[in-house]
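Summary of structural features
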Amino acid sequence: MPLDEYPSGTAFPGVIGRTADESTPAWPAPVRAPKGTPNVLFIVLDDTGFGQLGCFGSPIATPNLDRLAERGLRYRNMHTTALCSPSRSCVITGRNHHSNAMACITEAATGYPGYNGLVPFENGFLSEMLREHGYSTYMVGKWHLIPSSQETAAGPYDRWPLGRGFERFYGFLGGDTSQWDPDLVYDNHQVEPPKTPDEGYHLTEDLADRAIEFIADAKQVDPDKPFYLHFCTGATHAPHHVPKAWADRYKGAFDDGWDAYRERVFARQKELGIVPRNAELSRHDPDVPAWESLSDDRRRLYARMMEVFAGFLSHTDHHIGRLLDFLEGIGELENTLIMAISDNGASAEGGPSGTTNEAQFFNNAPEAFEDSLAAIDEIGGPKHFNHYPWGWTWAGNTPFRRWKRETYRGGTSDPFIVSWPKRVPATGEVREQYAHIIDMVPTVLDALGIEPPATIRGVPQSPLHGVSFAHTFDAPAAAGRRTTQYFEMMGHRSIYHDGWRAVCPWPGPSFAEAGKGFGEPISAETLTRLDAQGWELYHVAEDFAECHDVSAEHRDRLIALIGTWYVEAGRYDVMPVDGSGLARFAGEKPQVSAPRESATYFPGTQSVPFFAAPRVLNRPHSITASVEIRDGAEGVLLAQGTAAGGYSFFVQDRRLHYVHNWVGRELMRVSSDEEVTAGEHELRYEFEPTGPPDPANGHGAPGRFQLYVDGRLVGDTEVPYTTPFVINPGTLTCGADPGSTVTTDYETPFRFSGTVHKVTVDVSGELISDPEAELKLHMARQ
């Protein structure tokens, strides 16, 4: 029942007379969970593969997740959707991702019921369910469950965490962020990190601090009130940011390369029982070069990138350990039901060579290998937005083939741990029952003895799609209750049923080669051809890692499974099958605000995400600031981006400046040739393209940078190119440059010390767009 109300339909139990002395009061009884009700903690990692946790065979040290496994259970047949937002919607609702309207990340939403990116309110969140049973509810970390157009201060806020049953929120709303200078939101408003990187700030530590604070805040007032904490790290999604000392712990640990890593992890997985004794290691991926074929310098750089990733994961585990230690210290760990999962397999967005700055990948401006090598000692630090090569992705998903975004087991099979010492006596055991993340919510409700609600805040609820696996907690040989599960991700399809798995990959020979079906529309003719010839069949009850395609030997079974896929697709809003990437990202989507050719910003307001800010690249545009200068006032008027790329319009040393940061590699500038005097002024920057962009070489339109003071030209220069496609990270801020600064000319936040009345950005000039580059950006952010 709702909090602090009389039971529905129940009359006031007291007496109301003419006066108080003739009346008897009766207070509404607040909903209280029974004493001893267990807490619930979900730990959701990001882009962490099946073979990357220590307790799943990895050489990467994860002692705190390992101790959960030692005091609980590991499930070797847990499955996700192969992508971030879709998986996160399943974890928290217990419904399939298409039924959550989350077929893909919300940036790729389309106007179909399973695809529009707006999780229906009839699909209640676990936070909404448990809150009505007397739980405190906290969301800490990554959200990524709302359209990017709704991540602004204009709202709407009904799908932000506080709108979906969480009482407190601290984290970030989008798909990725810097670990050193994150885009933080506290409840429903933006905040700055409490420290700078120079002062030792790191997002994971901050998230752990805040989770501990939220729990302590309530426990010191009401020690018996249980909590539900949804703890979602930014790790191990790129950028792989970590203090250098943590990466240095792995010096030389990966010098033998990804092929050797796979062999070593696979052998350890057999020892641990994480894979069956008769399991085979999947073949060498055709898109991944053999380690021995690489030059010495490439092996040195790629090994360092993996050292940084390993340090990042161990650092994350350390701070998870701090949270667990806190719970143990207050006597709550024994009676906390903990489930730890990753949202999909390891990520291949670093490409074949990795990168020190993803902005270069988004803008088709890959750095020369020599430049990457020169930065080897800084990788993982605040100057870079780094990601490892996809050879390590493939290795991280050992023993499976492929990776995130694909519905082979490398994309959909993830490490999963359950720990609840007070209720689950088994320690260190491995369960082999087939399960899917939609089963997590039903399992929690079953374990707590709670029925799924019929309504939440007056909204009738849809049935849960998951089934409980709580019966396996103390029954290792019990039959699993999930016998069928469909998968679909951007046209990549598969279906599991009773120990068999059929997979229909994108058309084409390999991910890396031209003609690969990823991102290409699937016509009705192509779909018919794929259904006739494109499906593979694996007997995963015997062939754990999908090594042997037996479709030719079991044609009748394959045809039946394809039919089952279509049945499930019809049931859960999967249709229409859409393999396109370009069209989905570039297509028209509802916007919170009406389209406009100019936007006006004010100091002291919240930063604006890139996708809600004016599109200034590759078009004539102007930035006009109305200011009052006094006492040598200086500071930023308007800035967008970070050290990874962007621009800044500012006053310094009594002169007006504009700096354009081209993908973190080059600063192009224009400065006024005279001082800006005291008084009221209109300060203006204009960009006029002088030629077309050259996107094949990562170059946006060349043009003229011009500065004006009160309509008078005071600075003029020409630049050979600009940023072609996107600024990422790309928040826009008026009156300051918080976090990682666009230029090294000043230190953050360099707030304007005079008065900024307003800053107007005019983008009425014609836009030159490249949707393919936008597709790269969106897919790397999930």
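This text follows the structure it describes.
Keep in mind it's a predicted model, so treat the numbers as computed, not measured.

**Concerning the pattern of salt bridges**
According to the stated counting rule, one finds 43 salt bridges in the structure shown. Across the pair Arg-304 and Asp-248 runs a salt bridge whose closest N-O atoms are separated by 2.9 Å. With Arg-304 in helix H7 (residues 296-329) and Asp-248 in helix H5 (residues 244-248), this residue pair connects regions lying 56 residues apart in the sequence. With relative accessibility at 25%, the residue Asp-248 sits in the partly exposed group. Here Arg-493 makes a salt bridge to Asp-531, at a shortest N to O gap of 3.0 Å. One end of the pair, Arg-493, is in strand E16 (residues 492-497); the other, Asp-531, is in helix H13 (residues 524-533), with 38 residues separating them in the sequence. The exposure class of Arg-493 is buried, given its relative accessible area of 0%. Through salt bridges with shared partners, one network takes in Asp-46, Arg-88, Lys-142 and Asp-343.

**What about the nonpolar core?**
The biggest cluster of nonpolar side chains holds 78 residues, and the ones touching the most others in it are Leu-41, Ile-60, Leu-229, Phe-231, Trp-258, Trp-392 and Ile-417. Among the elements that make up this core, the one with the highest residue count is H7 (15 residues). Once residues within four sequence positions are removed from consideration, Phe-231 is found in contact with Leu-41, Phe-42, Ile-43, Val-44, Val-140, Leu-207, Ala-208, Ala-211, Ile-320 and Leu-323. Grouped together as the second largest cluster of nonpolar side chains are 48 residues, Tyr-75, Val-91, Ile-146 and Trp-420 included.

**So, the sheet that holds strand E29 (residues 755-762)**
In spatial order, the strands read E19-E29-E20-E25-E26-E27; together these six strands make up an open sheet with antiparallel pairing. With one partner strand each, in any of the chains shown, strand E19 (598-601) and strand E27 (712-719) form the two edges of the open sheet. This sheet shows a mean twist of 15° between the axes of neighbouring strands, independent of strand direction. Bridge analysis of strand E26 (residues 703-709) against E27 gives seven bridges, and the strand direction is antiparallel. Within E27, the residue paired with Leu-707 across the bridge is Gly-715.

**Things to note about the sheet that holds strand E5 (residues 168-172)**
Across the sheet, ten strands lie side by side as E7-E6-E5-E4-E8-E1-E9-E10-E2-E11; this open sheet has mixed pairing. Where the open sheet ends on each side, the last strands, each with one partner, are strand E7 (189-191) and strand E11 (429-431). Each strand of the sheet is rotated relative to its neighbour by a mean of 15°, with strand direction disregarded. Two elements, E5 and strand E6 (residues 184-186), share two bridges in a ladder whose sense is antiparallel. Each bridged residue has a counterpart across the sheet, and for Gly-171 the counterpart in E6 is Val-185.

**Details of the packing of aromatic side chains**
Counted by the stated rule, this structure contains 40 aromatic pairs. Taking the centre distance of 5.8 Å and the plane angle of 85° together, the rings of Phe-416 and Phe-469 count as edge-to-face. Placement of the pair is Phe-416 in strand E10 (residues 416-419) and Phe-469 in the loop between strand E14 (459-460) and strand E15 (484-489), with a sequence separation of 53 residues. Between Phe-649 and Tyr-685, the ring centres sit 6.4 Å apart and the planes meet at 50°, which makes this aromatic pair tilted. You can see Phe-649 sitting in strand E22 (residues 645-652) and its partner Tyr-685 sitting in strand E25 (residues 679-689), a full 36 residues away along the chain. Residue Phe-649 shares its accessibility class with Tyr-685, and that shared class is buried. In this structure an aromatic cluster arises from ring pairing among Tyr-250, Phe-254, Trp-258, Tyr-261, Trp-291, Tyr-302 and Trp-392. The ring of Trp-246 has Arg-249 sitting right over it, with the charged end atom 3.7 Å from the ring centre.

**Considerations on the packing of helix H1 (residues 63-70) against H7**
Between H1 and H7, the least distance of the axes is 7 Å, while the angle of their chain directions is 50°. The angle between H1 and H7 places the two elements in the oblique class. Mapping the contact onto sequence places Pro-63, Asn-64, Leu-65, Arg-67 and Leu-68 in H1 and Asp-317, His-318, Ile-320, Gly-321, Leu-324, Asp-325 and Glu-328 in H7. When its residues are assigned to classes, the contact of H1 with H7 shows five nonpolar, three polar and four charged.

**Some details on the pairing of strand E2 (residues 72-75)**
By the bridge criterion, four bridges tie E2 to E10 in an arrangement that is antiparallel. Bridge assignment links Arg-74 to a residue of E10, and that residue is Ile-417. Two elements, E2 and E11, share three bridges in a ladder whose sense is parallel. The residue of E11 that forms the bridge with Tyr-75 is Arg-431.

**Digging into the side chain of Arg-164**
Tracing the chain through its elements places Arg-164 in the loop between strand E4 (136-142) and E5. Residue Arg-164 is classed as buried on the basis of its relative accessible area, which comes to 1%. Here Asn-123 takes part through its backbone oxygen, which lies 3.1 Å from a polar atom of the side chain of Arg-164. Here Arg-164 is in contact with Val-119, Pro-120, Phe-121, Asn-123, Gly-124, Phe-125, Ser-127, Glu-128, Asp-158, Arg-159 and Arg-457, once residues within four sequence places are set aside.

**A few points about the packing of helix H4 (residues 203-219) against H7**
At a minimum axis separation of 9 Å, H4 and H7 run at an interaxial angle of 15°. By the angle between their axes, H4 is roughly parallel relative to H7. The handedness of the crossing between H4 and H7 is right-handed. The residues of H7 that touch H4, namely those facing Thr-204, Glu-205, Ala-208, Asp-209, Ala-211, Ile-212, Ile-215 and Ala-216, are His-315, Thr-316, His-319, Arg-322, Leu-323, Phe-326 and Leu-327. Looking at the contact of H4 with H7, its residues break down into eight nonpolar, four polar and three charged.

**Looking at the side chain of Arg-304**
Classification of Arg-304 as buried rests on a relative accessible area of 5%. Contacts of Arg-304, omitting those with residues within four sequence positions, involve Lys-244, Ala-247, Asp-248, Lys-251 and Ile-376.

**Some details on helix H6 (residues 257-272)**
A rise of 1.5 Å per residue sets the reference length of H6, with its 16 residues, at 22 Å; its end C-alpha atoms lie 23 Å apart and thus fit the reference within 8%. Turning to H6, its buried residues number three or more, namely Gly-257, Trp-258, Tyr-261, Arg-262, Val-265, Phe-266, Gln-269 and Lys-270.

Conventions adopted
Residues numbered from 1 in each chain as written. Predicted model: local features only at pLDDT ≥ 70, side-chain atom pairs only at ≥ 80, totals over all residues. Heavy atoms only, no water. Salt bridge = Lys/Arg side-chain N within 4 Å of Asp/Glu carboxyl O. Helix = DSSP H or I, 4+ residues; strand = E, 2+ residues; numbered from the N terminus. Buried < 20%, exposed > 50% of the residue type's maximum accessible area, 1.4 Å probe, protein only. Core = buried A, V, L, I, M, F, W, Y, C linked by side-chain atoms within 4.5 Å. Contact = heavy atoms within 4.5 Å. Pairing = 2+ DSSP bridges. Axes fitted to C-alpha atoms, helices over the stretch in contact; angles between N-to-C directions. Phe/Tyr/Trp six-rings, centres within 6.5 Å; stacked < 30°, edge-to-face > 60°. Lys NZ or Arg CZ within 6 Å of the ring centre and 35° of its normal. Parallel < 35°, antiparallel > 145°, perpendicular 65-115°, else oblique. Nonpolar A, V, L, I, M, F, W, Y, C, P; charged D, E, K, R; others polar. Polar contact = N/O pair within 3.5 Å; in protein donor to acceptor, adjacent residues only side chain to side chain. Left-handed = near helix turned anticlockwise from the far one by under 90°. Expected span 1.5 Å × (residues − 1).

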